Amino acid sequence: MAPKSAPGDGGRKPLIAGNWKMNLTHLEAIAHVQKLAFGLKEADYAVADITVLPPFTDLRSVQTLVDADRLELTYGAQDVSAHEKGAYTGEVSALMLAKLGCTYVLAGHSERRQHHGEDDTLVNAKVKAAFKHELTPILCIGEGLEIRQADGHLSHCLSQLDGALEKVSAELARQVVIAYEPVWAIGTGEVATPDDAQEVCGAIRTRLAELYSGDLADQVRILYGGSVKSDNIAGIMAESDIDGALVGGASLDAGEFIKICRFRERLA
Ligand SMILES: O=C[C@H](O)COP(=O)(O)O
């Protein structure tokens, strides 16, 4: 398999992102990042960008460690307010995240769509809010089981993509990261086959080319998420339109997450 950074695939460097979800206190986060810092080597960062997405309450602790030890590990948040500032109790603004040194922020994770009623209009506003403060949104899209069984997955995902990128300029869209996460594969152990994941990720890239340009589509990183583990990452990463992984449960085990980051060792 050609490396992802080979000419012809837009020079896309893989991104491995660990979404901790609502796990790890700030004290546990410190211990966890210390393990990652100890285990991840220069060679790992040379072949993939590696990031963690802790809960808001952990970010300051993670920032302190990353800054003090000048780690190449980056970090980001799991959500962002669509609003700039003001009377929005419980929300966290893009400016606040930027000031904490965040690189990435998730937008439209299926758990936000499912439990908090986020729709494409809100996700679009969050993507724009992130860009306004120079955060890179990781835009999550994906279909539920019923849609997959009815063979509606492509149109569903592409409609989410269109909605989330509405009136986002090419200059900004070039920087977005997209995560395809079939909802039926999240936290279930039911990983999509590499073919299934490639079908949707390829369609996303084609759609980006239609919305913007082929050149832009070639540059955008598209991740797969849903029960990614060290023993299935290589098959997923071998697909031509998959440029990394959004890892949930397996990112809570530092050793397992490091093995996922070293997916190349498992490529046939
Ligand atoms: O953001 C990560 C995804 O929701 C995947 O979670 P999972 O790896 O636990 O299935």
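Since the structure is predicted, the reported quantities are computational estimates derived from the model, not experimental observations.

Caption draft 1: Representation of helix H8 (residues 153-164). Helix length check: H8, at 12 residues, gives a terminal C-alpha distance of 17 Å against a target of 16 Å (1.5 Å per residue), a fit within 8%. Buried residues of H8: His 153, Cys 157, Leu 158, Gln 160, Leu 161, Gly 163 and Ala 164, and no others. Residues of H8 that are buried sit in contact with helix H5 (110-116), helix H6 (120-132), strand E5 (136-141), helix H7 (145-149), strand E6 (177-180) and helix H10 (194-211).

Caption draft 2: Fine view of the UniProt feature "binding site: substrate" (unreviewed entry) in the protein. According to UniProt, the "binding site: substrate" (unreviewed entry) feature falls on Asn 19, Trp 20, Lys 21, Gly 187, Ser 227, Gly 248 and Gly 249. Across 231 residues in sequence, these annotated residues keep their C-alpha atoms within 13.7 Å of one another, forming a single compact spot. For the largest pocket, the lining residues drawn from the annotated set are Asn 19 and Lys 21. The topology assignment puts Gly 249 in the loop between strand E8 (244-247) and helix H13 (254-261).

Caption draft 3: Region of interest: the sheet that holds E8. Strand order in the closed barrel formed by eight strands is E1-E2-E3-E4-E5-E6-E7-E8, and the pairing between neighbours is parallel. Averaged over neighbouring strand pairs, the angle between their axes works out to 25° when direction is ignored. As judged from the two bridges shared by strand E2 (residues 49-53) and strand E3 (residues 74-77), these two strands associate in the parallel manner. Paired with Val 52 across the two strands is Tyr 75, which belongs to E3. Here H10 sits on the sheet and contacts E5, E6 and strand E7 (221-225); the angle it forms with E6, its principal contact strand, is near 145°.

Rules used in this analysis
Residues numbered from 1 in each chain as written. Predicted model: local features only at pLDDT ≥ 70, side-chain atom pairs only at ≥ 80, totals over all residues. Heavy atoms only, no water. Helix = DSSP H or I, 4+ residues; strand = E, 2+ residues; numbered from the N terminus. Expected span 1.5 Å × (residues − 1). Buried < 20%, exposed > 50% of the residue type's maximum accessible area, 1.4 Å probe, protein only. Contact = heavy atoms within 4.5 Å. UniProt positions renumbered as here; feature names shortened; annotations may be inferred. 1 Å grid on protein atoms, 1.4 Å probe; cavity = no way out; pocket = protein on both sides within 12 Å on 5 of 7 lines; lining within 4 Å. Pairing = 2+ DSSP bridges. Axes fitted to C-alpha atoms, helices over the stretch in contact; angles between N-to-C directions.

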